[in-house]
Structures are given as C-alpha cells and as structure tokens.
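In case you want the letters, here they are:
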Amino acid sequence: MSKFIVDRKGKIIGAHILGVRAGEIIHEAQLAKSFDIPFYKLDSMIHIYPTFSDIVKQPAKLAHIERLRNNPLLKFIKNIVKR
C-alpha cells in the first residue's frame, strides 16, 4: 500500500509505503523530495525490477495524466477543436 501527498505543483510533501519491501522503495520518494523533482516525473523512470517499484510508478503515472488533464493550454485547444 502506498500514499503520496503532493502540493498543487506536484512536489512531494509526504509519502507512506507499507509492505514487505517498503524500505527498498521509499528512497525513490525521498530522492524526488530532496531534489525537488515533481511526483509525476517518477512515472518515466526505468526500473530494473519493476514489480515492487510499480507501487510508486502507477500513482506517478496517474498524477501525470491528471496534470495533463488540468493543463489550461490543453483545455483551450480541446475547446477550439470541439467547435
């Protein structure tokens, strides 16, 4: 189980990971927090063993999709295309 708390800009405020290999995965969130990497950018990282790291990658992918949906420029273009 994982929970990531981010601000409106996508910066990580906090992260909770519970499970057998949580200690091997939490460093990814800490690294992103330390270097001000937006959470949604974690979906593009390549992992050697993607089974356990999917607990970070999948929510990051959803955050990236949500960021694109809320992009004002894309909303504007979508409204123009509809007309």
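Structure: above.
Residues numbered from 1 in each chain as written. Predicted model: local features only at pLDDT ≥ 70, side-chain atom pairs only at ≥ 80, totals over all residues. Heavy atoms only, no water.

1. Here we look at the overall build of the chain
- When helices and strands are counted, the chain shows three helices and two strands.
- In the chain, the succession of α and β elements from N to C terminus is β-β-α-α-α.
- A compact globule built from 83 residues would reach a C-alpha radius of gyration of about 12 Å, whereas the chain, at 15 Å, exceeds it by more than 25%.
- For the chain, buried positions account for 23% of its 83 residues.
- The long-range fraction of contacts in the chain, counting pairs at least 24 apart against all pairs at least 6 apart in sequence, stands at 38%. (Helix = DSSP H or I, 4+ residues; strand = E, 2+ residues; numbered from the N terminus. Rg over C-alpha atoms; globule rule 2.2 N^0.38 Å. Buried < 20%, exposed > 50% of the residue type's maximum accessible area, 1.4 Å probe, protein only. Contact = heavy atoms within 4.5 Å.)

2. What to know about the nonpolar core
- Grouped together as the largest cluster of nonpolar side chains are eleven residues: Phe4, Ile12, Ile17, Ala22, Ile25, Ala29, Ala32, Phe39, Leu42, Val56 and Ala60.
- Elements represented by at least two residues in this core include exactly strand E2 (12–17), helix H1 (22–34) and helix H2 (50–69).
- It is H1 that provides the largest number of residues to this core, a total of four residues.
- Those residues within four positions of Phe4 in sequence are excluded, and the remaining contacts are Gly14, Ala15, Ile17, Ala29, Phe39, Ile55, Val56 and Pro59. (Core = buried A, V, L, I, M, F, W, Y, C linked by side-chain atoms within 4.5 Å.)

3. Side note on the pattern of salt bridges
- One pass over the full model with this rule turns up one salt bridge.
- When the shortest N-O distance is used, the salt bridge between Arg21 and Glu24 registers 3.7 Å.
- Of the residues examined, Arg21 reaches a relative accessible area of 38% and is grouped as partly exposed. (Salt bridge = Lys/Arg side-chain N within 4 Å of Asp/Glu carboxyl O.)

4. A look at the pairing of strand E1 (residues 2–6)
- In this sheet, E2 lies alongside E1 in antiparallel orientation, the contact comprising five bridges. The residue of E2 that forms the bridge with Ile5 is Gly14.
- Hairpin connection from E1 to E2: five residues lie between these consecutive antiparallel strands, with Gly10 at a positive phi of about 95°. (Pairing = 2+ DSSP bridges.)

5. Re a nonpolar patch on the surface
- Taken together, Leu68, Leu73, Leu74, Phe76, Ile77, Ile80 and Val81 make up a surface patch of nonpolar side chains, about 670 Å² in accessible area.
- Here the element with the most residues in the nonpolar patch is helix H3 (residues 72–82); it accounts for six residues. (Patch = residues over 30% accessible without salt bridge, like charges linked within 9 Å, V, L, I, M, F, W, Y side chains within 5 Å. Areas by Shrake-Rupley, 256 points an atom, 1.4 Å probe, with all protein chains shown as cover.)

6. Describing the environment of Pro38
- Mapped onto the elements of the fold, Pro38 is located in the loop between H1 and H2.
- Sequence separation between Pro38 and Arg8 is 30 residues; the distance between their C-alpha atoms is 10 Å.
- Sequence-distant contacts of Pro38, that is, excluding residues within four places in its chain, are made with Lys9, Gly10 and Lys11.

7. Quick look at H3
- Of all eleven residues that make up H3, zero are buried, and the element is exposed over most of its length.
- Regarding H3, its N-cap is Asn71, as a side-chain oxygen of that residue lies 2.9 Å from the backbone nitrogen of Leu73 further along. (Polar contact = N/O pair within 3.5 Å; in protein donor to acceptor, adjacent residues only side chain to side chain.)

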